[in-house]
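Overview (structure and organization)
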Amino acid sequence: MKNRIYKPRDRKELLHLMETLDPYQIVNGGTDILVKLKEGKFFDSSLIDIHDLEFLQGIDSEESVLRIGGAVTLSEVARDLRIGRDHPELASACLAVGSPQIRNQGTLAGNVANSSPAGDTIPALLVNEARLSIDGIAGKREIELNAFFTGPGLNILQRGEYIEKIIIPAANGAGVFLKMGQRKALAIAKVSLAVRHDTLFRIALGAVYKTPVLARKTMDYLNNCATVGQAERAQAAEIIRTDCEPITDIRSEAGYRLDMVVYLLDKALDQIKILQTH
């Protein structure tokens, strides 16, 4: 069976398609689903392309919150001046995804919905305490991003739901995203790390657990330190090893990933300190 593609014109038509088609897959840029189709997955699914829906476009900001539409591309996020100024780790994470062609087509919400443990943008969103506005046949709901993922490639989205917006609270302070890959471009992360610091540290890791994860023990330790000098950083390096459970796979060995988590944390703390002095 060949996949049939549907392009709804508005929210009402989108909800109708999700209610009547079975099975279906949402296409929001398609950079991930095209790979899966070539692998023989979803061969019996209808494809609902939401990439051009007007109500899913745009990046809006108010005094206390930033809203990124569900069809906003990675390139649009990376180019946005407000995001570059206030959330540089998110802009950097978007620029780390694939190639310019992939970033021009792929979306931030699509990267989240794909739910890969190695998804580049997810650690940067986690340290920003991002929330998801989820819309669907049963209505709208809002959920913390940290509660969205349930396993590798798995999340809480139900049939008849899609990510309408990504919501990020306003931020002050400094932020860094770092990634270790096989090469400089088109690399799937072996390890990734995002750090934000305003009054508190927030640290998130990618590719070292079954889902992207907050390094809670390390955050708690650093946030209870009066200062963060060499001794505190050395202790944080030991603690962060217990915040993740990396596996050995085709891209890297578990022991190497643990060492790289420590390396990236140390590098990020250096960069945070530099950013805060400027």
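To keep things clear, this report deals only with the structure shown in the data block. None of these values were measured; they are calculated from a predicted model.

**Here's the deal with the overall build of the protein chain**
Within the protein chain one finds eleven helices and 14 strands. Against the compact-globule benchmark of 19 Å for 278 residues, the protein chain has a radius of gyration of 19 Å, which places it among compact chains. A principal-axis box enclosing the C-alpha atoms of the protein chain has dimensions of 60 × 45 × 30 Å. Expressed as a percentage of its 278 residues, the buried residues of the protein chain come to 51%. Counting contacts in the protein chain only where the partners sit at least 6 residues apart, residues at least 24 apart contribute 59% of the total. Total accessible area on the protein chain is roughly 13800 Å²; 51% of this is exposed by carbon and sulfur atoms. In the protein chain, 34 side chains carry a positive charge and 35 a negative one; their mean positions are 4 Å apart.

**A closer look at the pattern of salt bridges**
One side chain can pair with another of opposite charge once the charged atoms of both are near each other. Per the stated rule, a full pass over the model turns up 20 salt bridges. The partner of K7 in a salt bridge is D49, with the nearest N and O atoms 3.1 Å apart. Pair noted here: K7 is in the loop between β1 (5-6) and α1 (11-20) and D49 is in strand β3 (residues 46-49), with a separation of 42 residues, a long-range link. A relative accessible area of 45% places K7 in the partly exposed class. Relative accessible area serves as the criterion here: at 18%, D49 is assigned to the buried category. In this structure, R202 engages E129 in a salt bridge whose closest nitrogen and oxygen atoms are separated by 3.4 Å. One end of the pair, R202, is in strand β13 (residues 201-206); the other, E129, is in the loop between α8 (121-126) and β6 (131-136), and 73 residues separate them in sequence.

**Here we look at the side chain of T73**
Its place among the elements puts T73 in the loop between β5 (65-69) and α3 (74-79). Residues within four places of T73 in sequence aside, it is in contact with H51, R103, N104, Q105, G106, T107 and L108.

**Describing the sheet that holds strand β11 (residues 174-180)**
With antiparallel pairing, four strands are arranged side by side in an open sheet as β11-β12-β13-β14. Of all the strands in the sheet, just β11 and β14 (213-214) have a single pairing partner and so form its edges. Judged from the seven bridges that link them, β11 and strand β12 (residues 191-197) form a sheet pairing that is antiparallel. For M180, the partnering residue across the bridge sits in β12 and is V191. Along the sheet face, helix α5 (residues 88-95) touches β11 and β12 and points at about 25° away from the line of β11. Helix α11 (residues 254-276) rests against β11, β12 and β13 of the sheet, and its axis sits at about 150° to β11.

**Description of the packing of helix α9 (residues 216-223) against helix α10 (residues 230-240)**
Packing of α9 against α10 brings their axes to within 8 Å, and their N-to-C directions diverge by 160°. Comparing the axis directions of α9 and α10 gives the class roughly antiparallel. Read as a crossing pair, α9 and α10 show a hand that is right-handed. Listed contacts from α10 to K217, T218, Y221 and L222 of α9 are A231, E232, Q235, A236, I239 and I240. When the residues that make up the contact of α9 with α10 are grouped by side-chain class, the tally is six nonpolar, two polar and two charged.

**Concerning unusual backbone geometry**
P23 follows D22 through a cis peptide bond whose omega is 0°. Tracing the backbone through its elements, the reader meets P23 in the loop between α1 and β2 (24-27). In this structure, E129 is a non-glycine residue whose phi angle is positive, near 55°. The class for E129 is partly exposed, based on a relative accessible area of 45%.

Reading guide: rules and limits
- Residues numbered from 1 in each chain as written.
- Predicted model: local features only at pLDDT ≥ 70, side-chain atom pairs only at ≥ 80, totals over all residues.
- Heavy atoms only, no water.
- Helix = DSSP H or I, 4+ residues; strand = E, 2+ residues; numbered from the N terminus.
- Rg over C-alpha atoms; globule rule 2.2 N^0.38 Å.
- Buried < 20%, exposed > 50% of the residue type's maximum accessible area, 1.4 Å probe, protein only.
- Contact = heavy atoms within 4.5 Å.
- Areas by Shrake-Rupley, 256 points an atom, 1.4 Å probe, with all protein chains shown as cover.
- Lys, Arg positive; Asp, Glu negative; His and termini not counted.
- Charge placed at Lys NZ, Arg CZ, Asp CG, Glu CD.
- Salt bridge = Lys/Arg side-chain N within 4 Å of Asp/Glu carboxyl O.
- Pairing = 2+ DSSP bridges.
- Axes fitted to C-alpha atoms, helices over the stretch in contact; angles between N-to-C directions.
- Parallel < 35°, antiparallel > 145°, perpendicular 65-115°, else oblique.
- Left-handed = near helix turned anticlockwise from the far one by under 90°.
- Nonpolar A, V, L, I, M, F, W, Y, C, P; charged D, E, K, R; others polar.

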